[in-house]
Structures are given as C-alpha cells and as structure tokens.
Amino acid sequence: SSRRVCANCLDRHRWQELSRCVFFTIWNGEVACCFRNCTGRIIDPQGAVVCINFQRMRGCSAWGCSKRGHLHECSGCGDPEHGAYQCPLAQGN
C-alpha cells in the first residue's frame, strides 16, 4: 500500500497508521514543531490546533478553518507556505 507523509512525525506511514502516530520527534530525531494532544489533534507549542487538511497533498481551501482557530501552517516546521506533505523536512522530500 502507498505511504503518506505523517503530519505528526513527517515520516511515511500507511493510511491506517496516520492518526495513531504520537511521536514527539520527527523521523530524523529532531524535536517536532507540533504534536498530537490527548484528544488526537495536532497542536502547535501554544496549543492552537493545526488544520489537518492543510497538511495533505491538496492542502485546504476551507474558509472556516480560521474561524474555528485552525492554523494553516506546516506541522513539521511551522511555515505557513506549505503543509507537511510538501515540507522539506518530510521523509523522502
């Protein structure tokens, strides 16, 4: 099966494993910019929820994200120009 970039650790996982990743480091051992909280959401160091759709290959075009307080920034490096899928720190990029 194909592997996708994990928004939590930036490693490549099977689809079924993506929501279960709870690592606090990215695949290369560096401390992760964001992490999964106790409810399973990926949050930044200030506790703001990072938009999971923005992390995917197609990104997110939902206007409601900012109204819900979901950040459009990379969960790997914090850059607002790309998500985890396009992050230069992601495994295989």
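Throughout what follows, the structure given in this document is the object of discussion. None of the values given here were measured: they were computed from a predicted structure.

**Observations concerning the side chain of Asn8**
Thought 1: Within the fold, Asn8 resides in the loop between β1 (3-5) and β2 (12-14).
Thought 2: By relative accessible area, Asn8 is classed as buried at 0%.
Thought 3: One polar contact links the side chain of Asn8 to the main-chain amide nitrogen of Arg36, over a distance of 3.2 Å.
Thought 4: Not counting the four nearest positions on each side in its chain, Asn8 is found in contact with Cys21, Val22, Phe23, Ile26, Ala32, Cys34, Phe35, Arg36 and Ile42.

**Details of the pattern of salt bridges**
Thought 1: For the structure on display, the rule yields 1 salt bridge.
Thought 2: The salt bridge partner of Arg14 is Glu17, with a shortest N-O separation of 2.9 Å.

Cut-offs applied
- Along each chain, residues carry numbers from 1 onward, in the same order as the chain's sequence is written.
- Under the rules for a predicted model, residues below a pLDDT of 70 receive no local features and side-chain atom pairs below 80 are neither given nor counted, while totals for whole chains, interfaces and linings still include all residues.
- Side-chain calculation: all heavy atoms of the structure are included, whereas hydrogens and water are not.
- Numbering of helices and strands starts at the N terminus; helices are DSSP runs of H or I of at least 4 residues and strands are runs of E of at least 2.
- Burial status follows relative accessibility: with a 1.4 Å probe on protein chains alone, a residue under 20% of its type maximum counts as buried, one over 50% as exposed, and anything between as partly exposed.
- Polar contact is the term for a pair of N or O atoms within 3.5 Å; when the atoms are in protein, one must be able to donate a hydrogen and the other to accept it, and sequence-neighboring residues count only if both atoms are side-chain atoms.
- Residue contacts are defined here by distance: any two heavy atoms, one from each residue, within 4.5 Å place the two residues in contact.
- Each reported salt bridge corresponds to a side-chain nitrogen of Lys or Arg within 4 Å of a carboxyl oxygen of Asp or Glu.

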